[in-house]
Amino acid sequence: MKKILSVLAVLVVCTTMTFAQGKTETVSATGNIKPITLTVYSPGNANSVPTKTVLKYKELVEKASNGQILLDAHHSGELGNDAEALQSTRMGTIDIIFAGTSGFTSFYDKAKILDLPFLFKDANQAYEIVNSDIGEQIFADMTSAGLVYLSEGDNGMRHIATTKKPIHSVADVKGLKIRVPTSKMYLDVWNALGATPVALSLNELAIALSNGTAEAQDNATYHLVANATYDDIKYYSYINYMWMGCTMAMNAKSWNGLSADQQNLLKEQAIIAAKYSFDTIQADNETAEATLKAAGVQFDTTPDIQSFKDKLGGSAYYKQYAQESWYNQSIIDAILAK
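None of the values given here were measured: they were computed from a predicted structure. (Residues numbered from 1 in each chain as written. Predicted model: local features only at pLDDT ≥ 70, side-chain atom pairs only at ≥ 80, totals over all residues. Heavy atoms only, no water.)

**Examining the packing of aromatic side chains**
Where two aromatic rings form a pair, the distance of their centres and the angle of their planes describe that pair. Counted under the stated rule, the structure contains 15 aromatic pairs. Ring centres of Phe 120 and Trp 243 lie 5.5 Å apart, and the angle between their planes is 80°; this geometry places the pair in the edge-to-face category. One end of the pair, Phe 120, is in the loop between helix H4 (101-104) and helix H5 (123-130); the other, Trp 243, is in strand E10 (residues 235-251), and 123 residues separate them in sequence. The class of Phe 120 is buried, set by a relative accessible area of 5%. Seen in terms of ring centroids, Tyr 127 and Phe 278 are 5.3 Å apart; in terms of plane orientation they differ by 70°. Their pairing is edge-to-face. (Phe/Tyr/Trp six-rings, centres within 6.5 Å; stacked < 30°, edge-to-face > 60°. Helix = DSSP H or I, 4+ residues; strand = E, 2+ residues; numbered from the N terminus. Buried < 20%, exposed > 50% of the residue type's maximum accessible area, 1.4 Å probe, protein only.)

Right, here's the structure in full:
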């Protein structure tokens with residue numbers, strides 16, 4: 001009987017608590033808790049802002065948890081491209097992912113609302129809104145896709161850069177052949193503005209600008225430099241017409257295996273990491289602007305943005321998507337009221 005009681009006592013003291021998809025915390029006989037380890041991933045390369053943000057998140061979480069939550073960080077395609085990594089996160093092979101929000105819309109269409117034009121005044125406003133109750137509303141149903149929303153980071157504000165003439169008002173884009181991503185939302189916007197949008201993949205852009213297939217692009221300054229698509233660019237206008245985000249999300253089963261304190265810590269540090277991504281892109285944009293100016297690009301920092309909004313018909317433009325499953329007028333109104 002004494003032997004049985006002794007064995008039971010040892011078992012109680014050495015209980016192993018299971019966390020997140022097979023990850024464990026072991027309580028030793030001395031009461032020390034071994035840290036849990038979660039996999040976090042950015043598909044981007046080592047110098048990309050998403051990867052820098054993931055590494056910052058690792059630093060933040062491990063410090064805030066006193067080393068009780070460790071993040072095993074990967075990047076540069078190690079665990080697959082965006083689509084593959086998103087699927088792996090939904091399955092639980094990856095615990096946490098930070099990737100372009102556009103990739104999430106392939107299975108979570110409510111995020112498409114963030115692609116509407118002139119929704120945000122600038123990136124700073126975008127940060128405040130998407131990491132508030134409004135962002136939580138947009139991503140509230142993500143658990144249906146096997147994920148839990150943590151925060152929304154930055155992927156740049158889109159403007160316009162041209163090869164032949166400067167753009168100051170909407171009248172200047174009439175008939176302009178502007179390269180856009182292969183997205184209906186982008187095609188709709190530029191058609192409505194009077195331009196001639198050309199849907200091309202990013203790896204086709206530099207050649208298209210060189211041979212005249214495209215006369216413009218709509219990327220952030222740092223994208224032009226990072227992707228080496230500025231050789232033929234002569235003019236750049238800050239029209240702030242569309243913001244791009246990066247979403248940090250966690251596998252729902254991994255999340256549910258954590259304690260409330262651990263969940264709160266991961267959420268809080270994810271929002272801090274999101275702010276880091278915005279700050280990093282702002283710094284990268286400033287560096288990129290200097291690079292572009294040195295290459296001879298002329299900047300219009302005060303274009304007639306209102307003329308673009310007026311051409312679209314203001315917020316009434318959004319109503320064309322009212323029948324789409326992702327459309328939410330109350331969220332749009334809440335954003336525009338900020």
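**Remarks on the confidence of the model for the chain**
Mean pLDDT over the chain stands at 91; residues scoring 70 or higher make up 91%. Long-range and interchain partners of residues 1-22, a stretch whose pLDDT sits below 50, account for 33 contacts in this model, where long-range means more than four residues apart. In the model, residues 24-31 has pLDDT below 50 throughout and makes 29 contacts with residues more than four positions away in sequence or in other chains. (pLDDT = per-residue confidence, 0-100. Contact = heavy atoms within 4.5 Å.)

**As for the pairing of E10**
Most of E10 is tucked away: 16 of the 17 residues are buried. Across five bridges, the pairing between strand E5 (residues 96-100) and E10 is antiparallel. Among the inter-strand pairings, Phe 98 is bridged to a residue of E10, identified as Met 248. Bridge analysis of strand E6 (residues 147-162) against E10 gives 13 bridges, and the strand direction is antiparallel. Residue pairing across strands places Ala 161 opposite Tyr 236, the latter belonging to E10. Two strands pair when backbone bridges link them, and E10 and strand E11 (residues 298-300) are joined in this way by three bridges, in the parallel orientation. When the bridges of E11 are listed, Tyr 236 appears paired with Phe 299. (Pairing = 2+ DSSP bridges.)

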